[in-house]
Amino acid sequence: MTTEHIRTHIITTVLSRLDRDHSSRQEALEEFMSVTLPAVDQRAARQVSGLVPTIPDTIYEKWAAMFADRLLETVEEKQLQMLCDGKKDNEATLCLVYLMFMESEKMEKQIAEDLHALGMQSSASDAVGNMLGVYFRSRLEQRQQTTQEASAR
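So, here's what we can say about the structure.

Cut-offs applied
- Residues numbered from 1 in each chain as written.
- Predicted model: local features only at pLDDT ≥ 70, side-chain atom pairs only at ≥ 80, totals over all residues.
- Heavy atoms only, no water.
- Helix = DSSP H or I, 4+ residues; strand = E, 2+ residues; numbered from the N terminus.
- Buried < 20%, exposed > 50% of the residue type's maximum accessible area, 1.4 Å probe, protein only.
- Contact = heavy atoms within 4.5 Å.
- Axes fitted to C-alpha atoms, helices over the stretch in contact; angles between N-to-C directions.
- Parallel < 35°, antiparallel > 145°, perpendicular 65-115°, else oblique.
- Left-handed = near helix turned anticlockwise from the far one by under 90°.
- Nonpolar A, V, L, I, M, F, W, Y, C, P; charged D, E, K, R; others polar.
- Salt bridge = Lys/Arg side-chain N within 4 Å of Asp/Glu carboxyl O.
- Phe/Tyr/Trp six-rings, centres within 6.5 Å; stacked < 30°, edge-to-face > 60°.
- Expected span 1.5 Å × (residues − 1).
- Arc of directions from axis to C-beta.

Right, let's talk about the overall build of the chain for a bit. Of the regular secondary structure elements, the chain holds 8 helices and 0 strands. The order of helices and strands in the chain, counted from the N terminus, is α-α-α-α-α-α-α-α. Within the span of the chain, comprising 153 residues, buried residues form 31% of the whole. Within the chain, contacts between residues separated by at least 24 positions form 78% of all contacts whose residues are at least 6 apart in sequence.

This is the structure we're talking about:
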């Protein structure tokens, strides 16, 4: 298996696990709002979650490619070949490591930058989406600050 095959397999595996179903997405956003905004009632959370703009596939593809590139930089090729053998357990492992990668400080910054750029692109036509984008970015920044403060102790 070549390096390019490994990279393609990692990206494909990660992207195949993304849930693109609108109702599941809306349910996840409702749960997020109920946790981060407990004062908002469920009906309002349902309405607002339906207004949150989707993130284009190109952004998810970018993040998956960044993950694959990072793995190729840091993990021995022999180990990556084992992880890319198509077995369900190894695919689950790749996805778990991807989630950990997405929670890294570097990716939190990258996500905030990408969402900001996306918000700027659509701001002229989507005032509600832009407002929600600002809210979600601020929550990510707040989470990052809390994490940094906790690790400084």
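Another point: the packing of helix α1 (residues 3-16) against helix α4 (residues 57-74). One way to put it is that α1 packs onto α4 with a least axis distance of 9 Å and a crossing angle of 135°. The angle between the axes of α1 and α4 places the two elements in the oblique class. Two packed elements cross with a definite hand, and for α1 against α4 that hand is right-handed. Here α1 contributes Thr3, Ile6, Arg7, Ile10, Ile11, Val14 and Leu15 to the contact with α4, which in turn contributes Tyr60, Glu61, Ala64, Ala65, Phe67, Ala68, Asp69, Leu71 and Leu72. For the contact of α1 with α4, the per-class residue count stands at 12 nonpolar, 1 polar and 3 charged.

This part is about the pattern of salt bridges. The full count for this structure, using the stated rule, is 4 salt bridges. Aspartate 69 serves as the salt-bridge partner of arginine 7, at 2.6 Å between the closest nitrogen and oxygen. Here the residue arginine 7 occupies a position in helix α1, and aspartate 69 occupies one in helix α4, the gap between them amounting to 62 residues. Judged by relative accessible area, which is 22%, arginine 7 ranks as partly exposed. A salt bridge links lysine 62 to aspartate 114, with the shortest nitrogen-to-oxygen separation between them at 2.7 Å. Here lysine 62, found in helix α4, pairs with aspartate 114, found in helix α7 (residues 105-122); they are 52 residues apart in sequence, far enough to count as distant.

Attention shifts here to the packing of aromatic side chains. A complete count under the given rule lists 3 aromatic pairs for this structure. Centroid distance phenylalanine 67 to tyrosine 98: 5.3 Å. Interplanar angle 75°. Geometry classified as edge-to-face. Pair noted here: phenylalanine 67 is in helix α4 and tyrosine 98 is in helix α6 (residues 88-102), with a separation of 31 residues, a long-range link. Tyrosine 98 carries the same exposure label as phenylalanine 67, and that label is buried. For the ring pair phenylalanine 67 and phenylalanine 101, a centre distance of 5.4 Å and an interplane angle of 50° mean the geometry is tilted. One end of the pair, phenylalanine 67, is in helix α4; the other, phenylalanine 101, is in helix α6, and 34 residues separate them in sequence. A residue is classified by how much of its surface remains accessible, and phenylalanine 101, at 11% relative accessible area, is buried. Through pairs of rings, three or more aromatic residues link up here, namely Phe67, Tyr98 and Phe101.

Before going further, it helps to spend a moment on helix α2 (residues 22-36). When the terminal C-alpha atoms of α2 are compared, their 21 Å separation across 15 residues agrees well with the 21 Å that a helix rising 1.5 Å per residue should span. Taken together, the buried positions of α2 are occupied by Gln26, Leu29, Glu30, Met33 and Thr36. All buried residues of α2 project into a common sector of 140° when viewed along the axis, lining one side.

As far as function goes, none of this settles anything; it's purely spatial.
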